[in-house]
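Structural features, examined
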Amino acid sequence: MPLTRADVDRFELSRRRLEAIAYRLLGSVDESHDVVQETFLRWQAADVDRIEVPEAWLTKVLTNLCLNYLGSARVRREAYVGQWLPEPLLGGDPLLGPAETAEQREAVSYAVLTLIQRLAPKERAVYVLREAFDYPHREIAEILDITEAASQQILHRAREHVAVPPNRPAVDAAAAQRIVEEFLAAATSGQTDELVRLLTKDATAIGDGGGKVPARTGGYAGAVAVARFLAGLFRPGAAKRATVGGPPEIYAWTANGDPAVVAVVDGRVVAIMCLEVTAAGITACRTQANPEKLRRATQLWAITDHGGPLLVM
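Residues numbered from 1 in each chain as written. Predicted model: local features only at pLDDT ≥ 70, side-chain atom pairs only at ≥ 80, totals over all residues. Heavy atoms only, no water.

What about the overall build of the protein chain?
Heads up, the condition is: Helix and strand assignments come from DSSP, with helices taken as H or I runs of at least 4 residues and strands as E runs of at least 2, each series counted from the N terminus. The atom set for the radius of gyration is the C-alpha atoms, and the globule formula is 2.2 Å times the number of residues raised to the power 0.38. Remark: exposure states derive from per-residue accessible area (1.4 Å probe, protein chains only) relative to the maximum for the residue type, with buried under 20%, exposed over 50%, and partly exposed in between. Residues are treated as being in contact if the distance between any of their heavy atoms lies within 4.5 Å. Each accessible area is a Shrake-Rupley estimate made with a 1.4 Å probe; only the visible protein chains count as cover when residues are assessed. We score Asp and Glu as negative and Lys and Arg as positive, and we do not count His or the chain ends. To locate a charge, take atom NZ for lysine, CZ for arginine, CG for aspartate or CD for glutamate.
Along its length, the protein chain carries 13 helices and 7 strands. The C-alpha radius of gyration of the protein chain comes to 20 Å, within 12% of the 20 Å expected for a compact globule of 313 residues. When the backbone C-alpha atoms are referred to their principal axes, the protein chain occupies close to 65 × 40 × 40 Å. Counting across all 313 residues of the protein chain, residues that qualify as buried make up 50%. Expressed as a percentage of contacts within the protein chain between residues at least 6 apart in sequence, the contacts between residues at least 24 apart total 68%. Element-wise, carbon and sulfur atoms account for 52% of the exposed surface of the protein chain, whose accessible area totals about 14900 Å². Put simply, the protein chain has 35 plus and 39 minus side-chain charges, and the middle of one group is 5 Å from the middle of the other.

A few points about the pairing of strand β6 (residues 281-288)
We apply this condition: When DSSP finds two or more bridges between a pair of strands, those strands are recorded as paired.
In terms of burial, β6 is a largely internal element, 8 of the 8 residues being buried. With 6 bridges connecting them, strand β1 (residues 199-208) and β6 associate as parallel partners. Residue pairing for β6: G207 is matched across the bridge by T287. Sheet topology places strand β5 (residues 268-278) next to β6; 7 bridges connect them, and they run antiparallel. Each residue of the ladder has a partner; that of C274, found in β6, is R286.

Notes on the packing of helix α6 (residues 121-132) against helix α7 (residues 137-144)
To be explicit about the condition: Axis lines are fitted to C-alpha atoms, over the contacting stretch for helices. Their N-to-C directions set the angle, which ranges from 0 to 180 degrees. Whether a crossing is left-handed or right-handed is set by the direction in which the near helix is turned from the far one by less than a right angle, anticlockwise for left-handed and clockwise for right-handed. In this classification, the charged set is Asp, Glu, Lys and Arg, the nonpolar set is Ala, Val, Leu, Ile, Met, Phe, Trp, Tyr, Cys and Pro, and all remaining amino acids, among them Gly, are polar.
The geometry of α6 relative to α7 is characterised by a closest axis approach of 10 Å and an angle of 145° between their N-to-C directions. Our pair here, α6 against α7, has a crossing hand that is right-handed. The residues of α7 that touch α6, namely those facing K122, A125, V126, L129 and R130, are H137, I140, I143 and L144. Its residues placed into classes, the contact of α6 with α7 shows 6 nonpolar, 1 polar and 2 charged.

Quick word on the nonpolar core
To keep things clear, this is the line we draw: Throughout, nonpolar core names a set of buried Ala, Val, Leu, Ile, Met, Phe, Trp, Tyr and Cys residues whose side chains join them through atoms within 4.5 Å.
Within the largest apolar cluster, 47 residues are counted, with the highest numbers of intra-cluster contacts made by W43, L62, I116 and Y127. Within the residue set of this core, elements represented by two or more residues are α1 (5-26), α2 (29-45), α3 (54-78), α5 (110-115), α6, α7 and α8 (148-161). Among the elements that make up this core, the one with the highest residue count is α1 (9 residues). With near-sequence residues (within four places) excluded, W43 lies in contact with L3, D7, R10, F11, V48, I51, P54, W57 and L58. Among the nonpolar cores identified, the runner-up in size contains 32 residues, and F183, A186, L199 and M273 belong to it.

Some words on the sheet that holds strand β7 (residues 311-312)
On the basis of which strands lie adjacent, the open sheet formed by 7 strands has the order β2-β1-β6-β5-β4-β3-β7 and mixed pairing. The open sheet terminates on both sides in strands that have one partner only, identified here as β2 (220-221) and β7. Seen against the sheet, helix α13 (residues 295-302) touches β3 (249-255), β4 (258-265) and β5 and runs at an angle of roughly 95° to β5.

Regarding the environment of G209
Topologically, G209 is positioned in the loop between β1 and β2. The sequence separation of G209 and D172 amounts to 37 residues, and the corresponding C-alpha distance is 28 Å. The contact partners of G209, leaving out residues within four places of it in the chain, are A215, A289 and N290.

Spelled out as structure tokens, the structure:
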């Protein structure tokens, strides 16, 4: 039987939550939309009158579709040109999902989204459902067809692999602005000592250009190497302007709850550098420059009151 308007409305009540779960599991907005659409098709084909708890049914279908997708995505990502990084979401994006608790905010941070790429699909699912959405182990077990004990063990292993630095400070928009302003002042000062002072000794810098924008595959490690790279990156030049199609305007913003440097050319977001900040300093700079992973950021930027740039390169 075709879905009634009420049946469609029941699905739409869960859409935003389903999209947020899928984004955390897949790290891609387009892929998340694809699996949510496939979940809707499964809902359309089901005898929905016999489904007692639609939210639980939809979550189970979506999660298992994501696990299947991750299996096939592994092959695609092995052939990916350069470093693969998740798609960042600018502050205010509804796909960021719930952020009421420290665990929920941490689970969608860019650092964690990058780290969970190392997890096996089922570990990733347990981690996301528990840490980001506070599902009890009983429900996770039902979603994944495992025991509660197995869910608890998987979460323990996942937490060991996703070892984020302790004492990460909470960052609001004002704090992010201050951090990025200080970071950019040091990066454009011409003195790498200023940058080294802001970085931890084991700081890293990596970028994802997707083979479309130049990005060093292995990245940089160590405060001095990262500082030299950043000083060169933020040095204006004709070649850089030609690569991105004009002089980039540089803004301070947040992405996935972390301070972020946003580069914009003619209203188009061309790069987002997410700064992982700890009590000891900036420990990682992760830059997304693949145009295919910045389309949503550009759409949100167009309707956001972002003020003037901090500098134009």
